[in-house]
Amino acid sequence: MEILKLVNLKKYFGGVRALDGISTTLHEGEVVTIIGPNGAGKTTLINTISGYVFPDSGRIIYMNEDITKSTPIERVNKGIVRSFQLVNTFDKLTVYENILVSLISSRKYQNKMTKTLDSYTDILEEAESILKLFELGDKADNLITSISYGDRKLVDVAISFALNPKLIMLDEPTSGVATKDKDDIMKKILEAIMKTGVTAMIIEHDMDIVFRYGKRVMVMHQGKIIADGGVEEIRKDEEIKKILLGGVYA
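Structural notes, computed from the coordinates.

Moving on, we get to the sheet that holds strand β7 (residues 167–171). Pairing within the open sheet is mixed, and its 6 strands lie in the order β6-β7-β8-β3-β9-β10. With one partner strand each, in any of the chains shown, β6 (80–82) and β10 (224–230) form the two edges of the open sheet. Between one strand axis and the next, the sheet turns by 20 degrees as a mean value, whatever way the strands run. The sheet contact formed by strand β3 (residues 31–35) and strand β9 (residues 216–221) spans 4 bridges and is parallel. Within β9, the position partnered with Ile 34 by the bridge is Met 218. The sheet strands contacting helix α1 (residues 42–50) are β3, β6, β7, β8 (199–203) and β9, and the helix crosses β7 at an angle near 150 degrees.

Below is the structure:
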């Protein structure tokens, strides 16, 4: 099933062509890793799909519906969710409470809660399931500020999953994470994606992570998609090495 179709998307900021004719398709359950040098247009692409900026031209088709002019909230309600490069959590709350806040908001319970939170067993059970999905159960009662940055990144992604996405976009989920923790973080994120069957787009700068865990890789440069294929195909492309990798990876 086709989840997302981008048709000739263009976005200019002054004289900068942030998106210069982007066309691509994602199918249900597909995981696409997006790579490219700084300024390639990767984050602008996610911002456009999630509605934070509107394209100057082109169309965004989501599950056969044109959402090009839909607001970010409308897109979230349809199942399009994204995380940001910088962690967005409630630092005065625990890990568990952060998940609960996201669930209460996504289910629109905040304006109609007439009982104590303990009475809403569906929310509590779902929060427990999300903690288990990301292996955060042992940190549930810890304040966000007391856990490692890698775990905070996981909580940030878990909050996005609490919004019940059909399409999730993650902007550099391993950035700022200690090298020794990156594999663990990426494994948990990909396991969560596989278990839920969500379609995912992941921006990633760490080429070791890309080549170890990526399947379909999309390469952006100067606002264009210059390559889109399997990991080995991308790894062996000499032009991509020159543009992106400096010939380091053989």
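Okay, the pairing of β7 next. Judged by how many residues are buried, β7 sits mostly within the fold: 5 of 5 residues are covered. Here β6 runs beside β7; their pairing, made up of 3 bridges, is parallel. Residue pairing across strands places Val 81 opposite Ile 168, the latter belonging to β7. Judged from the 5 bridges that link them, β7 and β8 form a sheet pairing that is parallel. Note that in β8 the partner of Leu 167 across the bridge is Thr 199. What joins β7 to β8 is helix α6 (residues 179–196), and the crossover it makes is right-handed.

Conventions used here
Residues numbered from 1 in each chain as written. Predicted model: local features only at pLDDT ≥ 70, side-chain atom pairs only at ≥ 80, totals over all residues. Heavy atoms only, no water. Pairing = 2+ DSSP bridges. Helix = DSSP H or I, 4+ residues; strand = E, 2+ residues; numbered from the N terminus. Axes fitted to C-alpha atoms, helices over the stretch in contact; angles between N-to-C directions. Contact = heavy atoms within 4.5 Å. Buried < 20%, exposed > 50% of the residue type's maximum accessible area, 1.4 Å probe, protein only. Right-handed = clockwise from strand over helix to strand, strands pointing away.

No statement about biological role is implied by the geometric values presented.
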